[in-house]
Protein chains: 2
Amino acid sequence: MCGGVGSRFWPFSRNDRPKQFLDFFGTGRSLLQMTVDRILPLIPAENIILVTNASYAGIIREQLPDIRPGNILLEPARRNTSPCICWAAHHIKALDPEAVIVTLPSDHLILKEENFRQILKEGMDFVKQEDRLLTIGLKPISPHTGYGYIQIGRPVEDFPGICKVKSFTEKPNLEMAKIFLESGEFYWNSGMFLWSAKAILNAFNRYDPETAGIFDAGCEFYGTPQEKDFIDRNFPDAPSISIDYAIMEKADNVYVKTADIGWSDLGSWQALYETSPKNREGNVTQGCQVMANNCKDTVFAVQGDKLVVAAGLEGYIVAENDNALLIYPIAEEQKIRQVVNDVRDRFGEKYV
Amino acid sequence: MCGGVGSRFWPFSRNDRPKQFLDFFGTGRSLLQMTVDRILPLIPAENIILVTNASYAGIIREQLPDIRPGNILLEPARRNTSPCICWAAHHIKALDPEAVIVTLPSDHLILKEENFRQILKEGMDFVKQEDRLLTIGLKPISPHTGYGYIQIGRPVEDFPGICKVKSFTEKPNLEMAKIFLESGEFYWNSGMFLWSAKAILNAFNRYDPETAGIFDAGCEFYGTPQEKDFIDRNFPDAPSISIDYAIMEKADNVYVKTADIGWSDLGSWQALYETSPKNREGNVTQGCQVMANNCKDTVFAVQGDKLVVAAGLEGYIVAENDNALLIYPIAEEQKIRQVVNDVRDRFGEKYV
């Protein structure tokens, strides 16, 4: 899945180049490229299907020249994860009715890649025979209030680290998050899923019949030259709804594979800050030169081969991309989404 | 005089476009253009001579298309104000031995332009007959520690507002500046001078014979096609010295015309801040769009049709030009000069 907008990272991410397409850590590979690199030892390129917004077709072809165009599914509208996953499942089932699907976001960081691939391998074994939905739960390492949590139930025999899911919870407040952490029963909801194509389509029929109905109508077209036309006409009618809300929170055959894979969803500047190498003063530099005097715990993410000279900043984001410059306290980063809306209201699309 | 470098305003000013060439106030006219505009009612374009560094020939022609190329004297090296003034005096004397010269910096702000022209008119009357050097002293309105001060002596009869100079002083500390202000005897040294060509050349012979000797050797060339060649060969030999130090502090025929002309030398971000229109929060915006949240007393001087979104900045300079971004407390702006040197040491000329 690589169709998101990522306005939380404005102006580091922009409308035409959201987070997944950025070389986030200055390593020469975008988060999307890193996601593909990470699974290639396990899943060959011809079995990697990308679902994205039609407007990103060009940048994906540019970043992933080895993925053939037929493997890139272009959504004609933004409809959250549920329609995306339903379409992809139909598409894949048309190619292989027995297919097992690993569903991954393309804008996460995973540091322990070997562990990660091992987890996927064991997870695929678990879902390939029966009608099971598996999500990956990360062992929490802090009382993070930015993630949803999964409460684990009874372990599944013969599949180490896999449990029945007792409940999904929304993002907790700090007090609750601390209780979750201490209990040992709660795991971070990673948004990564494994299931067979059949199992997830069964679940759509049962728990999200509206979405299921829209995509079931196209069964004769998936995997054919008519698929695109069917999608372009019908996809926009699908409700905009997340897979968690549409399926995972309702289904009774949901399991969780608990994992320790050095994971971050990079959903915030704070997350970027925490996962990035820092200098002695705790400053993070992305893609620019920085001469900082008396600056602490500040992220400098400035595009375009620039020099930043700064003094006296503590806990700041300094981010620039093209014609927009942001200088904002990291602690107030939750306001940035609204700022971007305000920018759009006032100036149109010029700066977003 | 328009050959200065202006590194204090880096990166707002850059090596190839120092302060005098910038549209400082976003009015559509650079400080140099404003300087010429300001004196045109008094001095016709054909009598305006510009002395600048050879590297600025292009930008001057671009900004001042009505000044003919022969009126632009191009220094082959940077040598402070004394050689500049000595050469210009020779050049002008060759065109008109009786000429009276008004010597002006090109990067100052003058708000009361009518007063200013009246002051120049009265000053020219004062210097045209006798061997007198006249400087313009500004009535101080605060105990400014960034300016030199002129102590006035006895008034000159028949020339209102003109006094003999008792002494020049270097930039005082705050305590001293307060005493100066209260005394009523001290005026800010503006760096603007009036004299006849003859008078200033006499003074050079007497007080700065080294400079005088270098330029006297070219008397046969001034105003001829050979002038450029003579200058290119000999100008670099002149000592780098200011006119204050070479002449004004030593000569015994120095007078001051006291004036109230709404003057600032714009020598600092603080000065720019003080002389610029501010919004309700005391923020100054130069050449960019700004959405500021909880920012106070901050200057946003960002080039290139950009949007700046900022929060929590108080008393800051946010300046960007081309590939350099500065975020610095105004109160520490005296460090910027050193920062620019450090930038040059570390990165060469790329960012300066």
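Residues numbered from 1 in each chain as written. Chains lettered and ligands numbered in written order. Predicted model: local features only at pLDDT ≥ 70, side-chain atom pairs only at ≥ 80, totals over all residues. Heavy atoms only, no water.

Thoughts on the state of the cysteines
A covalent bond between the sulfur atoms of two cysteines is referred to as a disulfide.
Phase 1: For the coordinates displayed, the defined rule picks out 0 disulfides over all chains.
Phase 2: Unpaired in this structure, Cys84 of chain A has its nearest cysteine sulfur neighbour in Cys2 of chain A, at a distance of 8.4 Å.
Phase 3: No disulfide involves Cys86 of chain B; its nearest neighbouring cysteine sulfur is the one of Cys219 of chain B, lying 9.1 Å away.
Phase 4: Judged by its relative accessible area of 0%, Cys86 of chain B is buried. (Disulfide = S-S within 2.5 Å. Buried < 20%, exposed > 50% of the residue type's maximum accessible area, 1.4 Å probe, protein only.)

A few points about the pairing of strand E15 (residues 316-321) of chain B
Residue and element names in this part refer to chain B.
Phase 1: The element E15 is largely enclosed, with a buried count of 6 among its 6 residues.
Phase 2: Both faces of E15 are covered, namely the face carrying Tyr316, Val318 and Glu320 and the face carrying Ile317, Ala319 and Asn321.
Phase 3: Here strand E13 (residues 299-302) pairs with E15 via 4 bridges, running parallel. Along E15, the bridge assignment pairs Ala301 with Ala319.
Phase 4: As defined by bridge partners, E15 adjoins strand E16 (residues 324-329) across 6 bridges and the pair is classed as antiparallel. What sits directly across from Ile317, in E16, is Tyr328. (Helix = DSSP H or I, 4+ residues; strand = E, 2+ residues; numbered from the N terminus. Pairing = 2+ DSSP bridges.)

With respect to the pairing of strand E2 (residues 72-75) of chain A
Residue and element names in this part refer to chain A.
Phase 1: For strand E1 (residues 50-53) and E2, the ladder comprises 4 bridges, and the chain directions are parallel. What sits directly across from Leu50, in E2, is Ile72.
Phase 2: You can see the chain leave E1, run along helix H2 (residues 57-63) and come back into E2, and the turn it takes is right-handed. (Right-handed = clockwise from strand over helix to strand, strands pointing away.)

Observations regarding the packing of aromatic side chains
Phase 1: For the structure on display, the rule yields 32 aromatic pairs over all chains.
Phase 2: Centroid distance Phe180 of chain B to Phe186 of chain B: 3.9 Å. Interplanar angle 10°. Geometry classified as stacked. Across this residue pair, the class does not change: Phe180 of chain B and Phe186 of chain B are buried.
Phase 3: Among the aromatic residues, those joined into a cluster by ring pairs are Phe9, Phe12 and Trp269 of chain A.
Phase 4: Its guanidinium or amino end placed over the ring of Tyr273 of chain B, Lys278 of chain B lies 4.8 Å from that ring's centre, counting from NZ or CZ. (Phe/Tyr/Trp six-rings, centres within 6.5 Å; stacked < 30°, edge-to-face > 60°. Lys NZ or Arg CZ within 6 Å of the ring centre and 35° of its normal.)

Focus on the environment of Ile67 of chain A
All names here are of chain A.
Phase 1: The topology assignment puts Ile67 in the loop between H2 and E2.
Phase 2: Separated by 19 residues in sequence, Ile67 and Ile48 place their C-alpha atoms 7.5 Å apart.
Phase 3: Ignoring any residue separated from it by four or fewer positions in sequence, one finds Ile67 in contact with Ala45, Ile48, Leu50 and Ile72. (Contact = heavy atoms within 4.5 Å.)

A few points about the confidence of the model for chain A
Phase 1: A residue-level look at chain A finds 100% of positions with pLDDT of 70 or above and a mean pLDDT of 94.
Phase 2: Listed scores for the predicted complex are pTM 0.79 and ipTM 0.78. (pLDDT = per-residue confidence, 0-100.)

Focus: the relation of the copies chain A and chain B
Phase 1: Note on the identical chains: chain A maps onto chain B by a rotation of 179° and an axial translation of 0.1 Å, with an RMSD of 0.1 Å. Such a combination of rotation and displacement between the chain copies is what one expects of a two-fold axis.
Phase 2: Looking at chain A, 100% of its interface residues are interface residues in chain B too, so the copies touch through the same face. (Least-squares fit on C-alpha atoms with pLDDT ≥ 70 in both.)

Description of the interface of chain A and chain B
Phase 1: On the chain B side, the residues contacting the 35 residues of chain A number 35 residues.
Phase 2: Summing both sides of the interface, chain A and chain B together bury roughly 2800 Å²; the carbon and sulfur share of this comes to 58%.
Phase 3: For the chain A face of the interface with chain B, the top three residues by lost area are Leu307, Val309 and Leu325 of chain A, together amounting to 23%.
Phase 4: Linking chain A with chain B are 4 salt bridges.
Phase 5: Residue Lys306 of chain A is joined to Glu320 of chain B by a salt bridge in which the shortest nitrogen-to-oxygen separation is 2.8 Å.
Phase 6: Mapped onto the side of chain A that touches chain B, the elements with two or more residues apiece are strand E12 (289-293), strand E14 (307-311), strand E15 (316-321), strand E16 (324-329) and helix H11 (336-347) of chain A. (Buried area = accessible area lost by both parts, 1.4 Å probe. Salt bridge = Lys/Arg side-chain N within 4 Å of Asp/Glu carboxyl O.)

Quick word on the sheet that holds strand E11 (residues 284-286) of chain B
Phase 1: The strand order across the open sheet formed by 6 strands is E12(A)-E14(A)-E16(B)-E15(B)-E13(B)-E11(B), and the pairing between neighbours is mixed. Among the strands making up the open sheet, the edge pair consists of E12 of chain A together with E11 of chain B. Averaged over all pairs of adjacent strands, the angle between strand axes in this sheet comes to 5°, irrespective of strand direction.
Phase 2: When E14 of chain A meets E16 of chain B, the two strands line up parallel, connected through 4 bridges. By the bridge assignment for E16 of chain B, Val308 of chain A is matched with Leu325 of chain B.
Phase 3: The sheet strands contacting helix H11 (residues 336-347) of chain B are E12 and E14 of chain A together with E15 and E16 of chain B, and the helix crosses E12 of chain A at an angle near 145°. (Axes fitted to C-alpha atoms, helices over the stretch in contact; angles between N-to-C directions.)

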